[in-house]
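# Geometric and topological summary
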Amino acid sequence: MTTVFVSGASGFIAQHVVKQLIEKDYKVVGSVRSAAKGDQLKQDLDTPNFQYEIVEELSAPGAFDQALKKHPEVTVFLHTASPFRFDIEDIERDLLKPAIDGTKNALSSIKKYGPQVSKVVVTTSDIAMSYVNGDSSSPAITEDSWCDTTYEESLTNSFAGYRGSKTFAEKAAWEFVKQENPNFTLNTVAPTLVLGPQAFASGIRGTLNTSSEIINAVLKNGPDESTVPDINANFIDVRDVARAHLHAFESDVKNFRYLVVQSQFCLQYVLDALNKGIPSLKGKIPVGDGSKTEGLKSLPKVDNSRTRNLLGEFIPLEQSVVDSANQILNS
Ligand code: NDP
């Protein structure tokens with residue numbers, strides 16, 4: 001039985017990763033920031049094959065040393081933990097350092113205390129592959145693209161800080177492998193904006209994780225059309241993101257950046273999916289006048305055909321939105 005370590009196990013994406021691992025009979029050691037979060041996950045998973053260790057702060061030197069010393073049975077390490085929020089006080093302390101130093105800390109601990117670990121997967125983002133001023137005239141984003149941000153630019157606002165955090169953390173991971181020649185091979189998983197249901201209904205709270213809150217807000221805001229934000233982005237369902245993490249260590253693929261993107265997404269598409277897929281929402285949410293699809297035309301192009309060849313079909317936006325909304329409405 002293979003034992004897989006999942007950092008940030010209580011996160012939105014990580015809970016799906018852990019759930020899929022348990023469903024496939026892996027043993028899982030998850031790191032969480034508090035016993036309350038670990039206990040909740042243990043209760044939701046309801047299996048002896050899951051245990052947790054507390055890692056309160058990714059950027060603390062040697063953050064993963066104790067957890068890895070305690071679990072010599074771990075042979076796969078999935079590093080998903082990283083701050084994904086914009087309501088921060090200090091860009092360097094709250095975004096850049098936990099992401100970059102957290103990644104270096106994880107890999108250094110594995111090299112020192114987990115020499116038996118043969119596969120590592122780091123969760124990055126398509127933002128680490130996207131150009132700062134990219135638009136539809138830019139070259140298509142592929143598995144080989146890198147964001148052209150600088151550390152200085154990352155300090156200018158929290159969005160730029162998040163972009164820098166993902167770009168420099170992923171670069172640090174590849175640099176580590178090049179410099180340190182560790183016993184493990186590395187793949188990274190780069191999701192675009194991730195939607196879809198929480199792994200467990202217990203995850204439905206007043207405010208959800210950054211990406212899921214988009215649909216939660218539509219359901220909470222009522223029918224007022226003026227509350228519809230103008231979001232233009234790409235989309236992937238969380239269950240496909242989790243599947244990519246499993247593929248990234250189960251397959252023979254190595255040194256690969258999985259670019260997990262399904263389709264374009266804007267709030268009008270979400271409204272269309274909800275109004276069509278859940279008739280009871282009629283009159284309770286906006287219909288949208290179609291004007292907020294314009295921004296999609298300027299989005300950079302994406303060519304993730306290599307990733308699609310490896311992973312096959314992705315869940316469509318309509319199903320993802322309806323599944324998320326039904327979970328929220330039924331909780
Ligand atoms: P969540 O916020 O739900 O999960 C992040 C996890 O990391 C949580 O378990 C969180 O713990 C932990 N974490 C954050 N900061 C620290 C820290 N300083 N020290 C220790 N643990 C920390 O976000 P997602 O599941 O959405 O994101 C998971 C990964 O996927 C991240 O790497 C994110 O950048 C990436 N990603 C997400 C996308 C999305 O749309 N959701 C898109 C592209 C990439 P706690 O909650 O207890 O603070």
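Residues numbered from 1 in each chain as written. Predicted model: local features only at pLDDT ≥ 70, side-chain atom pairs only at ≥ 80, totals over all residues. Heavy atoms only, no water.

If you check an unreviewed UniProt entry, the protein appears there as NADPH-dependent methylglyoxal reductase Grp2p from [Candida] jaroonii.

### A short note on the sheet that holds strand β9 (residues 257-260)
So the rule is basically this: Whether two strands pair depends on DSSP finding at least two bridges between them. Elements are defined by DSSP. Helices are runs of H or I of four residues or more, strands are runs of E of two residues or more, and each kind is numbered from the N terminus. A fitted line through C-alpha atoms serves as each axis, taken over the contacting stretch for helices, and the angle formed by two N-to-C directions is quoted from 0 to 180°.
An order of β3-β2-β1-β4-β5-β6-β9 is seen for the seven strands of this open sheet, with the pairing classed as parallel. Among the strands making up the open sheet, the edge pair consists of β3 (50-54) and β9. Strand after strand, the sheet turns through a mean of 20 degrees between neighbouring axes, direction not considered. Looking at chain direction, strand β5 (residues 119-123) and strand β6 (residues 185-191) are connected through five bridges and run parallel.

### Quick word on the side chain of Ser324
Rules: Three labels apply to residues, based on accessible area from a 1.4 Å probe with only protein chains included: buried if under 20% of the type maximum, exposed if over 50%, partly exposed otherwise in between. N or O atoms closer than or at 3.5 Å make up a polar contact, with two conditions inside protein: a donor-capable atom paired with an acceptor-capable one, and, for residues adjacent in sequence, both atoms drawn from side chains.
Considering the arrangement of structural elements, one finds Ser324 in helix α11 (residues 317-329). Overall, the relative accessible area of 5% leaves Ser324 in the buried class. A distance of 2.7 Å separates the side chain of Ser324 from the backbone oxygen of Ser320, its partner in a polar contact.

### Some remarks on the pattern of salt bridges
Quick reminder of the rule: A pairing counts as a salt bridge when a side-chain nitrogen of Lys or Arg comes within 4 Å of a carboxyl oxygen of Asp or Glu.
Under the definition given, this model contains 16 salt bridges. Linked by salt bridges that have partners in common, Glu89, Arg93 and Asp94 make up one network.

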